[in-house]
Amino acid sequence: MAVRTGGEILVANLVAQRVTHAFGVPGESYLAVLDALHDVRDQLPFVICRQEGGATYTAEAYGKLTGRPGVVFVTRGPGATNAAVGIHTAAQDSTPLVAFVGQIGSDTVDREAFQEIDYRRMYGSVAKWVAQIDRAGRIPEYVAHAFRIAMSGRPGPVVLALPEDMLTSSAEVADAPYVEGTAAAPARDDVLRAEAMLRTAVRPLVIVGGSRWDAAARAALARFADASQLPVACAFRHQDLFANRHPLYAGDVGIGINPRLAARVRDADVLLVIGERLGETTTSGYTLLDVPLPKQALLHVHPDALELGRVYQPALAIAATPGAFIAAIDPHASRPAAAQTIAASAHADYDAWRAPRPVPGDVDLWTIVQWLDERLPADAVLTNGAGNYATWVHRVFRYGAGRRQLAPYSGAMGYGVPSAVAAKIVHPERVVVSWNGDGCYMMNGQELATAVQYDARVVFVVIDNGMYGTIRMHQERHYPARVYGTDLVNPDFAQLARAYGAHGETIARTDEFAPAFERAVLAGRPALLHVRVDPQAVTMTTTLAALREQGFAARST
Ligand SMILES: Cc1ncc(C[n+]2csc(CCOP(=O)(O)OP(=O)(O)O)c2C)c(N)n1
Ligand SMILES: [Mg+2]
């Protein structure tokens, strides 16, 4: 066995976990790792980003896309603090992530040395596990454990700190084997009870969400739905788990939910929830189900036993991965008598919900997203961050059956740019559209340079209403006509994109979008479409002026 440095052992163990890309921003704290990465640059490229928040988001998106942990390297202190947004997002989104953070040498620890942070305390309440590798000979053990924790049960982020002197020290140790997330399968009796509950249901609904859905589980869900004829809704920002064009699709249970779907969830007699935690955004702020005992008979399937009964006490709690549960349940034995009628009316409600409404101004996002829905291929990836601008894609675009949605369940701004860069790097053959607000774009717009550097030909769209529109909306509702802290003076985004070496165009009218999009796809480099919208069109269905009036009316009552 060869003597290797900590840096070499670490990189060899990432190769052993079949990591295909690592993301990060370099730091002098982990030069030994960079040196080892140099040797495997063709097999495991290190994608350098421009800010650790962007880097950690790219790694998080890799985790969403592949089901395997995204790997990010950041330096100690300031690198670690910049990375926090991606680690929090991985936690809330249940995404496997392993973040390697530089650490000062062990000879100066606890003096508050230059850039010293105790990561166990800093990340203690956010990450799934935080540890520090103090001996090079134990790297294989820590890496294998980190990967397994990140993927098992409810997936999430693991932070591993790397003391500088540990990385340059040497050891003689074997690499750890490839690990997978631990499987969890349902008990036979529970499956039979689930089938009986569904079979006798009068107003059943399936809600799917969470992570740990691989291609086989998605395909199995489609077969289960077809044979059982149960209507299927997707949880907040998990709209790609079921084909939205499918006649059994009932819509998404998220922020700004279709009131008819909300009523369907509330009035369901049996609710089969697979993979989803039933978090605040999926339950309309904990109002769709009663806490702690829902009126609906709740059949809750989640890969992590600790999530079952956390808020809602289920009629039947099953700790299983989505794939294992769906493989075990017999769809024919689960089919309720009136299944087809229920599903047909649920899908009709969804179709009506996504039909266009009039908006003020020369740019109509309803029409633009409808056009994208028809135009984009069946395997397109659409990313976004947080803000009202995202509601158009959530409500009008149809995901699923290969069409992927990368969007933060955590509601974190700045996700749309880096996640799209990751998607294009992982899947260069797919069309990737990054959908951003002007506020959201500016949070990680620097990663446009990463897209240019790695020739990641994403089409970035920036919806520019000159404000943090979502907050302005709340402001007008609660403090009408007292606009403060929400206006933005923006750059010329198209010109900015050209300065980065990308293709850039500005769109001021609805009919300019389609030809500009086609030019962007054919530009032969990353492209940015700067879409100027009327600030009055602050939501899909109401205007700033109307919100202000409602705000005043609410005050006078
Ligand atoms: C990192 C982060 N910071 C702040 C917020 C609070 N926030 C939610 S939406 C929003 C405004 C988004 O602005 P923009 O991207 O321009 O979209 P718009 O609402 O105008 O459509 C803000 C500030 C957040 N969700 N995440
Ligand atoms: Mg905006």
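The model shown is predicted, which means the values in this text are computed figures rather than measured ones.

Some points on the pairing of strand β7 (residues 157–163)
Thinking step 1. Within β7, seven of the seven residues are buried, which leaves it mostly tucked inside the rest of the structure.
Thinking step 2. Side chains P157, V159, A161 and P163 project from β7 onto one buried face, and the interleaved V158, L160 and L162 project onto a second face that is buried too.
Thinking step 3. Here strand β5 (residues 97–103) runs beside β7; their pairing, made up of seven bridges, is parallel. Residue pairing in the sheet places G102 in a bridge with L162 of β7.

Quick notes on the sheet that holds strand β18 (residues 459–464)
Thinking step 1. The strand order across the open sheet formed by six strands is β16-β15-β17-β18-β20-β19, and the pairing between neighbours is parallel. Edge positions in the sheet fall to β16 (404–406) and β19 (503–507), since each has one partner strand and no second. Across the sheet, the axes of successive neighbouring strands diverge by a mean angle of 20°, strand direction being ignored.
Thinking step 2. Taken together, the three bridges between strand β15 (residues 381–384) and β16 define a ladder with parallel strand orientation. By the bridge assignment for β16, L382 is matched with Q405.

Focus on empty space enclosed by the protein
Thinking step 1. Per the stated rule, a full pass over the model turns up three cavities of 30 Å³ or more.
Thinking step 2. Estimates place the volume of the largest cavity at around 80 Å³.
Thinking step 3. Lining the largest cavity are 14 residues, and of these S94, G210, S211, G275 and R277 lie nearest its centre.
Thinking step 4. Lining the second largest cavity, in full, are L365, N388, Y389, W392, I463, N465, V533, A537 and V538.
Thinking step 5. Partitioning the lining of the second largest cavity into residue classes produces seven nonpolar, two polar and no charged.

Things to note about the nonpolar core
Thinking step 1. Counting 49 residues, the largest nonpolar core has I87, Y119, Y123, V159, F460 and L528 as the members making the most contacts within it.
Thinking step 2. Residue contributions to this core peak at seven residues, all from helix α16 (residues 416–426).
Thinking step 3. Ignoring sequence-local partners within four residues, the contact set of I87 consists of T56, L97, A99, Y123, V126, A127, P157 and V159.
Thinking step 4. Listed in part, the 39 residues of the second largest apolar core include I9, A22, M151 and L162.

Details of the confidence of the model for the protein chain
Thinking step 1. Across the protein chain, the average pLDDT comes to 97, with 100% of residues at 70 or higher.
Thinking step 2. Mean pLDDT across the secondary structure elements of the protein chain bottoms out at helix α13 (residues 339–353), with 88, and peaks at β18, with 99.

Considering the packing of aromatic side chains
Thinking step 1. Within the structure shown, the criterion is met by 14 aromatic pairs.
Thinking step 2. The interplanar angle of 65° and the centroid separation of 6.0 Å between the aromatic rings of F23 and Y62 together place this pair among those described as edge-to-face. Pair noted here: F23 is in strand β2 (residues 22–24) and Y62 is in helix α3 (residues 52–66), with a separation of 39 residues, a long-range link.
Thinking step 3. For Y62, a relative accessible area of 3% gives the class buried.
Thinking step 4. Judged by centre distance (6.3 Å) and plane angle (80°), the ring pair of F46 and F73 falls under edge-to-face. Of the two residues, F46 is situated in strand β3 (residues 46–48) and F73 in strand β4 (residues 70–74); the sequence distance between them amounts to 27 residues.
Thinking step 5. On the accessibility criterion, F46 (17% relative accessible area) is buried.
Thinking step 6. Among the aromatic side chains, those forming a connected cluster through ring pairs are Y30, F46, F73 and F100.
Thinking step 7. One cation-aromatic arrangement involves R18 over Y178; the distance from NZ or CZ to the ring centre is 3.6 Å.
Thinking step 8. In this structure, R395 is placed above the aromatic ring of W353, and the distance from its NZ or CZ to the ring centre is 3.4 Å.

Rules used throughout
- Residues numbered from 1 in each chain as written.
- Chains lettered and ligands numbered in written order.
- Predicted model: local features only at pLDDT ≥ 70, side-chain atom pairs only at ≥ 80, totals over all residues.
- Heavy atoms only, no water.
- Buried < 20%, exposed > 50% of the residue type's maximum accessible area, 1.4 Å probe, protein only.
- Helix = DSSP H or I, 4+ residues; strand = E, 2+ residues; numbered from the N terminus.
- Pairing = 2+ DSSP bridges.
- Axes fitted to C-alpha atoms, helices over the stretch in contact; angles between N-to-C directions.
- 1 Å grid on protein atoms, 1.4 Å probe; cavity = no way out; pocket = protein on both sides within 12 Å on 5 of 7 lines; lining within 4 Å.
- Points joined across faces, edges and corners; volume = space filled by probe spheres on them.
- Nonpolar A, V, L, I, M, F, W, Y, C, P; charged D, E, K, R; others polar.
- Core = buried A, V, L, I, M, F, W, Y, C linked by side-chain atoms within 4.5 Å.
- Contact = heavy atoms within 4.5 Å.
- pLDDT = per-residue confidence, 0-100.
- Phe/Tyr/Trp six-rings, centres within 6.5 Å; stacked < 30°, edge-to-face > 60°.
- Lys NZ or Arg CZ within 6 Å of the ring centre and 35° of its normal.

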